[in-house]
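Each chain, written out:
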Amino acid sequence: NGMKNDGVSHSSNATTGDCHGERPSSVSETLTARNIRIAVVGNVDAGKSTLIGTLTTSSLDDGRGKSRTTIMKHRHEIETGRTSTASTHLMGFRHTGEPIAGKDSIRANKRKSEDEIARESYKIVTLLDLAGHEKYLKTTIHGVSSGMSDYSMILVNSRHPPTHMTQHHLSLCCSFGIPTIIVFTKIDGCPDHAIKNSKDEVFKLLRAPDVGRKPFAVRKEEDIATCMDKLHALAPVIDISCVTGEGLNLIRKMLFSLPKRRQHEKKVNRSFEFLVDECFNVPGVGSVVSGFVNAGELTVGNNCHVYVGPTDDGSFIRTVAKSAHIARINTTHITSGQSACLAFALKKEERNKLRRGMAVLLESPTATCTREFDAEICVLKGEGTTIRESYQAYVHILNVRQTAFVKSIEIVNKNATGLPPSHRAHNNEDDGIVLRPGSRAKVRFQFAQRPEYVRPGMRILFRDGRVRGVGLVTGVP
């Protein structure tokens, strides 16, 4: 291969020992600048885990759950075939765009671990496997909210028309502003009228005014280049089958040529901010948190003091970040845009205070840790919800999730004629402003249990059972 000397000169930031020669790029660079995160959502039995298993192991499915069992986490998932947790899987590409086989070449049933894939590839696609069942909708919402996805793939089983869950997932991705790719699965041996029916139903959902995407059928490779730069208005539609392998090359080509949408590299010079997603207790290491580096950069070591918090009383714990991993590769330096794990030196009682939704910061924060925040929200059209003061909802702000009360409401009114009659309370209570579906307002929320790390500009989504509304955090008192 003639690629040995064309990129070595400028890969000075290589953190891992590259002795292969064929790959000039460093792992940390591959995992930031050329890593696309894709959330995979869809109805139950749409084949999300099967598609991810087929793509990452690059071997076809047998129609009996062979692919999905390779990537599932828990035993009950393997037995019932239903995913209940959000999990991430790496898929690697070479320079040429050919995928790296996720299977070991010697032992056929052993999967390559994440660090092997990360070391071999030029570009990485992180696939986020989410649950489709309605019971696990909150897990899926949290996964989309904290997963920082660049794109989302919505899978539809071509034998059944889309259900209300497909509609929820679509509106969820739209309210977070994530471009979507529609994938029709299981088209092998699918009768024509069934797939036509499914497509018509999905196109109806896509053309609805609150989504407003034009469906665009992708049948050959030229179509991919056509729709690459128009993904905010188009929704590419691909037909695939994981058993016969039809359309899988198209979807690989598509994933390889997707441009990066979130530019986390631009936030390197801001102060370090790490959003905790899960906490572990690793024997021999101590407490380990996994999550996403949202801004800044950090070099870990014995004199690397960070602040973890907020704890239940709103204070931050000062501790030492001992070591870090990216994709199971030990590293000393993590920068924004990477999913990483950090190990802390904590005492026993401090270790019990760790929880999901915390933030790890470099300097001790003052203003950002709060129990109340202002948000500008828009109530989604849909089932009837009336929101008045002391309305309780479950709020998702990136990786933070907690119950919150509505303390005060002001309507953001476009016309100066005063409140529309529907927003007044019925029996003439004083200051009874009521929010109904479709209205926009400024709302002051208050967390029910404990203060959280909230910064203005973060996306917010609130739900009680279903998704009720979306918005932006405008200020922290």
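Here the structure is a predicted model, which means the values were calculated and not measured.

Moving on: the overall build of the protein. Counting secondary structure elements, the protein contains eleven helices and 24 strands. Looking at the protein as a whole, 53% of its 477 residues are labelled buried. Within the protein, contacts between residues separated by at least 24 positions form 70% of all contacts whose residues are at least 6 apart in sequence. Taken as a whole, the protein presents about 21700 Å² of accessible surface, with 49% of it coming from carbon and sulfur.

Right, let's talk about the sheet that holds strand S2 (residues 87-93) for a bit. In a beta sheet, neighbouring strands pair by backbone hydrogen bonds and run either parallel or antiparallel. The strand order across the open sheet built from seven strands is S2-S3-S1-S4-S5-S7-S6, with neighbouring strands paired in mixed fashion. The open sheet has two edge strands, S2 and strand S6 (214-217), and neither has a second partner. On average, each strand axis in the sheet is inclined to that of its neighbour by 25°, with strand direction left out of account. In the sheet, strand S4 (residues 151-157) pairs with strand S5 (residues 180-185) via six bridges, with the strands oriented parallel. Within S5, the position partnered with Ile-154 by the bridge is Ile-182. Each of strand S1 (35-42), S4 and S5 is contacted by helix H7 (residues 164-175), which is oriented at about 170° to S4, the strand it contacts most. Relative to S5, helix H8 (residues 192-207) is tilted by about 165°, and along the sheet it contacts S4, S5, S6 and strand S7 (234-239).

With that settled, the discussion passes to the packing of aromatic side chains. Summed over all chains, the structure comprises five aromatic pairs. For the ring pair Phe-373 and Phe-447, a centre distance of 5.3 Å and an interplane angle of 45° mean the geometry is tilted. With a gap of 74 residues between them, Phe-373 in strand S18 (residues 372-379) and Phe-447 in strand S21 (residues 440-447) connect regions that are remote in the sequence. Ring plane angle 55° and centroid distance 5.8 Å describe the contact between Phe-445 and Phe-462, whose orientation is recorded as tilted. With Phe-445 in strand S21 and Phe-462 in strand S23 (residues 459-464), the pair connects residues that are 17 residues apart, well separated along the chain. We classify Phe-445 as buried; its relative accessible area is 1%. Each residue in the set Phe-373, Phe-445, Phe-447 and Phe-462 is aromatic and connected to the rest through ring pairs, giving one cluster. Positioned over the ring face of Phe-256 is Lys-123, at 5.4 Å from the centre of the ring.

A few words now on the nonpolar core. Ranked by internal contacts, the top residues of the largest apolar core, which has 34 residues, are Phe-373, Ile-397, Leu-435 and Phe-445. Looking at this core, the elements with two or more residues in it are strand S16 (359-361), S18, strand S19 (392-397), strand S20 (400-411), S21 and S23. Counting residues per element, this core draws most heavily on S20, at five residues. Those residues within four positions of Phe-445 in sequence are excluded, and the remaining contacts are Arg-371, Glu-372, Phe-373, Ala-375, Ile-377, Ala-404, Phe-405, Val-406, Ile-460 and Phe-462. Residues Ile-71, Met-91, Leu-231 and Ile-240 belong to the second largest nonpolar core, which totals 33 residues.

What follows is about the sheet that holds S18. Spatially, the six strands close up into a barrel ordered S18-S21-S20-S19-S23-S24, and their pairing is antiparallel. When the angles between neighbouring strand axes are averaged without regard to direction, this sheet yields 45°. Across six bridges, S18 lies against strand S24 (residues 466-475) in antiparallel orientation. Counted as the bridge partner of Ile-377 is Gly-471 from S24. Across the sheet, helix H6 (residues 137-146) is in contact with S19, S20, S23 and S24; its angle to S19 comes to roughly 40°. The sheet strands contacting H7 are S23 and S24, and the helix crosses S24 at an angle near 5°.

Counted by the stated rule, this structure contains 20 salt bridges. Here Asp-229 and Lys-230 are joined by a salt bridge, their closest N and O atoms 3.4 Å apart. Residue classification places Lys-230 among the partly exposed positions, given a relative accessible area of 39%. Close ionic contact of Glu-452 with Arg-450 constitutes a salt bridge, the shortest N to O distance being 4.0 Å. Arg-450 gets classed as partly exposed once you look at its relative accessible area, which sits at 21%.

When the terminal C-alpha atoms of H8 are compared, their 22 Å separation across 16 residues agrees well with the 22 Å that a helix rising 1.5 Å per residue should span. The secondary structure elements touched by the buried residues of H8 are S4, H7, S5, S6 and S7.

For the rest of this paragraph, the subject is the pairing of S21. Across the two faces of S21 the burial differs, with Ala-441, Val-443, Phe-445 and Phe-447 buried and Arg-440, Lys-442, Arg-444 and Gln-446 not buried at all. Of the pairings in the sheet, the one linking S18 to S21 comprises seven bridges and is antiparallel in character. Bridge pairing links Asp-374 to Arg-444 in S21. The pairing of S20 with S21 spans seven bridges and is classified as antiparallel. Residue Ala-404 lies in a different strand from S21, and its bridge partner there is Phe-447.

Okay, the confidence of the model for the protein next. When the pLDDT values of the protein are averaged, the result is 84; 88% of them are 70 or greater. When the criterion is pLDDT under 50, residues 1-24 qualifies, and its contacts beyond four places in sequence or with other chains add up to 29 contacts. Residue range residues 425-430 is modelled with pLDDT below 50. Its contacts to residues more than four positions away, or to other chains, number three contacts.

A separate point is the pairing of strand S15 (residues 339-345). As paired strands, strand S9 (residues 286-295) and S15 are joined by six bridges and run antiparallel to one another. Note that in S15 the partner of Ser-287 across the bridge is Phe-344. Pairing of strand S12 (residues 317-326) with S15 involves five bridges; the strand directions are antiparallel. Among the inter-strand pairings, His-325 is bridged to a residue of S15, identified as Cys-341.

The step from Gly-309 to Pro-310 runs through a cis peptide bond, and the omega angle for that step is -5°. Here Pro-310 shows up in the loop between strand S11 (305-309) and S12. Phi angles above zero are rare outside glycine, and Met-148 is one such case at about 55°. One can find Met-148 in the loop between H6 and S4. The class for Met-148 is buried, based on a relative accessible area of 5%. For Arg-328, which is not glycine, the phi dihedral falls at a positive 65°. Mapped onto the elements, Arg-328 comes out in the loop between S12 and strand S13 (329-331).

Parameters at a glance
- Each chain has its residues counted from 1, running along the sequence as written.
- Totals for whole chains, interfaces and linings use every residue, but because this is a predicted model, local features are given only for residues with pLDDT of at least 70 and side-chain atom pairs only at 80 or more, for both listing and counting.
- Side-chain figures throughout are based on the complete set of non-hydrogen atoms in the structure, without hydrogens or water.
- Only DSSP runs of H or I covering at least 4 residues are called helices, and only runs of E covering at least 2 are called strands; the numbering of each starts at the N terminus.
- Partly exposed residues are those whose accessible area sits between 20% and 50% of the maximum for their type, while under 20% is buried and over 50% is exposed, using a 1.4 Å probe and protein chains only.
- Two residues form a contact once any of their heavy atoms are found within 4.5 Å.
- Here the Shrake-Rupley method, with its probe set to 1.4 Å, supplies the accessible areas, and only the displayed protein chains count as covering residues.
- Strand pairing is assigned whenever DSSP identifies at least 2 bridges connecting the two strands.
- Angles shown run from 0 to 180 degrees and are taken between the N-to-C directions of axes, each axis being a line fitted to C-alpha atoms and, for helices, limited to the stretch in contact.
- Any two rings among Phe, Tyr and Trp, with Trp reduced to its six-membered ring, count as a pair given centres within 6.5 Å; such a pair is stacked if its planes are under 30 degrees apart, edge-to-face if over 60, and tilted if neither.
- Charges are assigned to positions over rings by a cutoff of 6 Å between ring centre and Lys NZ or Arg CZ, combined with an angular limit of 35 degrees from the ring normal.
- Nonpolar core, defined: a set of buried Ala, Val, Leu, Ile, Met, Phe, Trp, Tyr and Cys residues in which side-chain atoms within 4.5 Å join the residues together.
- Put simply, a salt bridge is a Lys or Arg side-chain nitrogen that is within 4 Å of an Asp or Glu carboxyl oxygen.
- By definition here, a helix of n residues has an expected span of 1.5 Å times n minus one.
- The score called pLDDT rates the predictor's confidence residue by residue, from a low of 0 to a high of 100.

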